[in-house]
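Coordinate inspection notes
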Amino acid sequence: MSDQPRRPRRPAKPYRRPKKDPVRVLAFEALRAVDERDAYANLVLPPLLRKAREDGDFDARDAALATELVYGTLRRQGTYDAVIAACVDRPLREVDPPVLDVLSLGAHQLLGTRIPTHAAVSASVELARVVLGDGRAKFVNAVLRKIAQDDLDGWLERVAPPYDEDPEEHLAVVHSHPRWVVSALWDSLGGGRDGIENLLRADNERPEVTLIARPGRATTAELLDEEAAVPGRWSPHAVRLAEGGEPGAIAAVAEGRAGVQDEGSQLVALALANAPVEGRDRMWLDGCAGPGGKAALLGALAAERGALLLASEKQPHRAGLVARALAGNPGPYQVVAADGTRPPWRPGSFDRVLVDVPCTGLGALRRRPEARWRRRPDDLEGFAPLQRGLLRTALESVRVGGVVGYATCSPHLAETRAVVADLLKQFPDTELIDARPLLPGVPDLGEGPDVQLWPHVHGTDAMYLALIRRTG
């Protein structure tokens, strides 16, 4: 035996409890709700932020960071998936979804924000320790350190195929859209590479908050008194909050005299209201009224002319939202919960009819970035019968000489021009009205007679509008 003394053992490091970061934990909870419950971030995030503020955990900067982490991660999810896939030794489908959410949040901080690399990695690993446990936190640490070895441009060169070899897949990876969505948007937009790239970039930008001063109830001058408020681009009733903000804190919005409404949505309602009709102009119909933004504007415009608005919505809870939006309207109105394809009113009852039909929502990907990952090409087949049924009812509901507005928040040709063309064949006693003059001052509206708005051109959601007059 050696008579040399044994070297004393180093004392084990005491276990350090993970430090909970309220901002990143909240962002993780929001992503899990989107993933697990098919929730929408714009519905999940506000109550989480409100509770955090009430609990004293958050200030304005914390709320802004949490919002950026959630929306930024969702917008760039396709790109981050491609990067993460290059850094793990298994297919992404075999990575537990909560782990993937933490990795995606980390990837966004590394590749999509100005957060320093060491802070992004350490904060993400700490989040993993809190929500996943120490074992999986080691996996997160290893993956994020690989991601941190390059910036976004460097990663895109590695994971996206060259444009010349596969243009659609290149754009899909670089701009984080499913390939089929890239293809559909490109078909609708037409043109070369610049246009589609500008559109996809616009889809990944955070949209401004746009308010509407409901006629007869509020004025744009009142809303422009708010901090950082600027006039809308195209609608005379629009005001933009250039630096974001909390619309609910504005008195006119809290009182229902004003509301949050994209300018594209405002323009659709205004165009229908200003379209020329022959003869009387006393009965208006919003045939797909939920949640009530267009109905509130149409109701106010109808009141100025002594007309009545009937707002119809199939789902009772959404009909309740319509009633709330119309409460206080200066003129007569009625809200009914009814199936727009089996209406309770008589044919030919109305002078003006709007149907903003259910659709894939590909025109509002700026506001609902997660929708791009949920939608499938098969969804088009599911919406097609409903869209045609609602337009058919609208054409039956308007009198001869009256006007129907068919609108969608999707630029997909299968949901826009294809639907209108089919119904015009079934109703030969109709004609398309040139909608472009009814959007005064709005540029680049195409060849007409229908109108397609674009985020990258007009700063609006990609709303589509066709105006149809009954002639016999």
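Above this text you will find the structure in question.
Residues numbered from 1 in each chain as written. Predicted model: local features only at pLDDT ≥ 70, side-chain atom pairs only at ≥ 80, totals over all residues. Heavy atoms only, no water.

**Description of the overall build of the protein chain**
Rules: Elements are defined by DSSP. Helices are runs of H or I of four residues or more, strands are runs of E of two residues or more, and each kind is numbered from the N terminus. Only heavy atoms enter the contact rule, under which two residues are in contact if any of them lie within 4.5 Å. In this description, accessible areas are obtained by the Shrake-Rupley approach with a 1.4 Å probe, and a residue is regarded as covered only by the protein chains that are shown. Under this rule, positive means Lys or Arg and negative means Asp or Glu; His and the chain ends count for nothing. The atoms used to mark charge sites are NZ of Lys, CZ of Arg, CG of Asp and CD of Glu.
A count of helical and extended segments in the protein chain gives 20 helices and 12 strands. Expressed along its principal axes, the backbone C-alpha trace of the protein chain runs to roughly 115 × 50 × 40 Å. For the protein chain, the proportion of contacts with a sequence separation of at least 24, taken over those separated by at least 6, is 72%. Counting every atom, the protein chain has about 22,100 Å² of accessible surface; 49% of that belongs to carbon and sulfur. When the 61 basic and 65 acidic side-chain charges of the protein chain are each reduced to a single mean position, those positions are 6 Å apart.

**Comments concerning the packing of helix α4 (residues 77-85) against helix α5 (residues 97-111)**
Selection criterion: Angles shown run from 0 to 180 degrees and are taken between the N-to-C directions of axes, each axis being a line fitted to C-alpha atoms and, for helices, limited to the stretch in contact. For classification purposes, angles smaller than 35 degrees are called roughly parallel, those larger than 145 roughly antiparallel, those between 65 and 115 roughly perpendicular, and all remaining angles oblique. Nonpolar residues are Ala, Val, Leu, Ile, Met, Phe, Trp, Tyr, Cys and Pro. Charged residues are Asp, Glu, Lys and Arg, and all others, Gly as well, are polar.
At a closest axis distance of 10 Å, the pairing of α4 and α5 adopts a crossing angle of 100°. Relative to α5, the element α4 is oriented roughly perpendicular. On the side of α4, the interface is formed by Gln77, Tyr80, Asp81, Val83 and Ile84, while α5 contributes Leu100, Leu103, Ser104, Ala107, His108 and Leu111. When the residues that make up the contact of α4 with α5 are grouped by side-chain class, the tally is 7 nonpolar, 3 polar and 1 charged.

**Thoughts on the nonpolar core**
As a rule of thumb, nonpolar side chains are buried together in soluble globular proteins. How we decide: Residues grouped as a nonpolar core are buried Ala, Val, Leu, Ile, Met, Phe, Trp, Tyr and Cys residues, joined through side-chain atoms within 4.5 Å. Buried residues are those whose accessible area, probed at 1.4 Å on protein chains only, stays under 20% of the maximum for their type, while exposed residues exceed 50% and partly exposed ones sit between those limits.
In terms of nonpolar packing, the biggest core is built from 49 residues, with Phe58, Val70, Val140 and Ile147 touching the most fellow members. For this core, the secondary structure elements donating two or more residues are α1 (22-37), α2 (41-54), α3 (60-75), α4, α5, α6 (117-131) and α7 (134-147). Among the elements that make up this core, the one with the highest residue count is α1 (9 residues). Residue contacts for Ile147: discarding those within four places in its chain leaves Val83, Ile84, Cys87, Ala107, Leu110, Leu111 and Trp155. The next biggest cluster of nonpolar side chains, apart from the first, holds 38 residues, and it includes Leu270, Val322, Leu438 and Val451.

**Brief notes about the pattern of salt bridges**
Worth spelling out the cut-off: Salt bridges are counted wherever a side-chain nitrogen of Lys or Arg sits within 4 Å of a carboxyl oxygen of Asp or Glu.
Tallying each qualifying case throughout the model produces 36 salt bridges. As a salt-bridge pair, Asp96 and Arg136 come within 2.9 Å of each other at their nearest N and O atoms. Pair noted here: Asp96 is in the loop between α4 and α5 and Arg136 is in helix α7, with a separation of 40 residues, a long-range link. Judged by relative accessible area, Asp96 falls into the partly exposed class, the value being 39%. Residue class for Arg136 comes out partly exposed when judged on its relative accessible area of 34%. The network of salt bridges with shared partners includes Arg32, Asp35, Glu36 and Asp101.

**Describing helix α8 (residues 152-159)**
When α8 is considered as a whole, its buried residues turn out to be Gly154, Trp155 and Leu156. At its buried positions, α8 is contacted by α4, α5, α7 and α9 (167-175).

**What to know about the packing of aromatic side chains**
Put simply, the rule reads: Pairing of aromatic rings covers Phe, Tyr and Trp, the last through its six-membered ring, and needs centres within 6.5 Å; plane angles under 30 degrees mean stacked, over 60 mean edge-to-face, and all others mean tilted. Think of it as a cone above the ring: NZ of Lys or CZ of Arg counts as a charge over the ring if it is within 6 Å of the ring centre and within 35 degrees of the ring normal.
Per the stated rule, a full pass over the model turns up 2 aromatic pairs. Ring centres of Trp345 and Phe350 lie 5.8 Å apart, and the angle between their planes is 90°; on these two criteria the pair is classed as edge-to-face. A single burial state applies to Trp345 and to Phe350, both of which are buried. Over the aromatic face of Tyr163 sits the side chain of Arg193, whose NZ or CZ is 3.8 Å from the ring centroid.

**Describing α9**
In an α-helix there are 3.6 residues to a turn, and that puts residues three or four apart on one side. Here α9 has its buried residues at His170, Leu171, Ala172, Val173, Val174 and His175. Where α9 is buried, its residues contact α4, α8, α10 (179-189), α11 (193-203) and α17 (371-374).

**Thoughts on the sheet that holds strand β2 (residues 229-231)**
Quick note on the threshold: Strands pair, by our definition, only if DSSP identifies at least two bridges between them.
The 4 strands lie next to each other as β2-β3-β1-β4, forming an open sheet whose pairing is antiparallel. If you trace the sheet from one side to the other, it starts and ends with β2 and β4 (258-260), each paired once. Neighbour-to-neighbour, the strand axes of this sheet turn through a mean angle of 30°, independent of strand direction. Pairing analysis gives 3 bridges linking β2 to strand β3 (residues 238-241), with the strands arranged antiparallel. Counterpart to Pro231 in the pairing with β3 is Val239. Packing against the sheet, helix α14 (residues 263-274) makes contact with β1 (209-213) and β3, and its axis sits at approximately 30° to β1.

**Considering the pairing of strand β12 (residues 464-470)**
The buried count for β12 comes to 7 of 7 residues, which makes it a mostly enclosed element. Here β12 shows a buried face lined by Tyr464, Ala466, Ile468 and Arg470 and a second buried face lined by Leu465, Leu467 and Arg469. Here 6 bridges tie strand β9 (residues 398-408) to β12, and the two strands are oriented antiparallel to one another. Note that in β12 the partner of Val403 across the bridge is Arg469.

**Here's the deal with unusual backbone geometry**
Across the junction of Gly290 and Pro291, the peptide omega takes the value 0°, indicating a cis bond. Examined against the element boundaries, Pro291 turns out to sit in the loop between β5 (283-286) and α15 (293-304). Of note, the amide linkage connecting Gly448 to Pro449 takes the cis form, showing an omega dihedral of 0°. Inspection of the secondary structure assignment puts Pro449 in the loop between β10 (430-433) and β11 (451-452). Phi at Ser176 is positive, roughly 60°, even though this residue is not glycine. Mapped onto the fold, Ser176 is located in the loop between α9 and α10. On the basis of relative accessibility, which here comes to 0%, the residue Ser176 falls in the buried class. In the Ramachandran plot, Asp444 falls in the positive-phi region, its phi being about 55° despite a non-glycine side chain. Here Asp444 is to be found in the loop between β10 and β11.

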